[in-house]
Amino acid sequence: MDQITQYRRAVESFRLLLAEVGDAELTLPCPCSEWDVRALLAHATGAQRGLASALTGPNEPVSEDPREDFEAAVETMVATFTPERVAAAIKTPFGERTGGFLLGMATGDIFVHAWDLARALGRPSDLDPELAEELLERMRQTLPDAARGEGRAFGPEQPVDPDAPAADRLAAFTGRVVN
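Keep in mind that this is a model prediction, so the values were computed, not measured. (Residues numbered from 1 in each chain as written. Predicted model: local features only at pLDDT ≥ 70, side-chain atom pairs only at ≥ 80, totals over all residues. Heavy atoms only, no water.)

Caption draft 1: Examining the pairing of strand 2 (residues 95–98) more closely. Alignment of strand 1 (residues 89–92) against strand 2, held across four bridges, turns out to be antiparallel. Considered in strand 2, the bridge of A89 is made with T98. Linking strand 1 back to strand 2 in an antiparallel pair, the connection comprises two residues. (Pairing = 2+ DSSP bridges. Helix = DSSP H or I, 4+ residues; strand = E, 2+ residues; numbered from the N terminus.)

This is how it looks when you write it as structure tokens:
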């Protein structure tokens, strides 16, 4: 599956859960203990906007409500990551990479946060098994140990049953407690 299709499928996993978020759900706790749903939505949306801005320059939120701002961030991502930009070399905080590297980060980020949102809402977290397997394989190849630990983007890999759904194994790989 190409990266743009992966991104769209990850967004759809998130979007389906986002549709269930009303004002009452914004204060529900998330698997990342320092966040509630409102903070998770703001973080996930901000990450999408930030990754697109690596190619286009800064762009601002369109709304104070992270539910509304999410759709605008996704539109920016889809418009930004054209096939040419996916292939192009760009300077990033991680050194020179391709736009595809950033798109892969955006895809993994929004999909794992869809898992977080599913858990916060008490919904099944077995999201898009085919996509979850692909993202897990890519993250196993690209996530450096230096990105894990206190104050970093990812926690230590957590134990999970090897027969668990792919989205749960991905979540555990990124440091989430699954069981």
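Caption draft 2: Unusual backbone geometry, seen in detail. Unlike most non-glycine residues, D128 shows phi in positive territory, near 25°. Looking at the element boundaries, D128 is found in the loop between helix 5 (99–121) and helix 6 (129–142). Overall, D128 belongs to the buried group, its relative accessible area being 18%. (Buried < 20%, exposed > 50% of the residue type's maximum accessible area, 1.4 Å probe, protein only.)

Caption draft 3: Looking closely at empty space enclosed by the protein. A complete count under the given rule lists one cavity of 30 Å³ or more for this structure. A volume near 50 Å³ is recorded for the largest cavity. For the largest cavity, the full set of lining residues is I4, Y7, R8, M77, V78, F81 and L103. If you tally residues by element for the lining of the largest cavity, the top one is helix 1 (residues 3–18), at three residues. For the lining of the largest cavity, a count of residues per class yields six nonpolar, no polar and one charged. (1 Å grid on protein atoms, 1.4 Å probe; cavity = no way out; pocket = protein on both sides within 12 Å on 5 of 7 lines; lining within 4 Å. Points joined across faces, edges and corners; volume = space filled by probe spheres on them. Nonpolar A, V, L, I, M, F, W, Y, C, P; charged D, E, K, R; others polar.)

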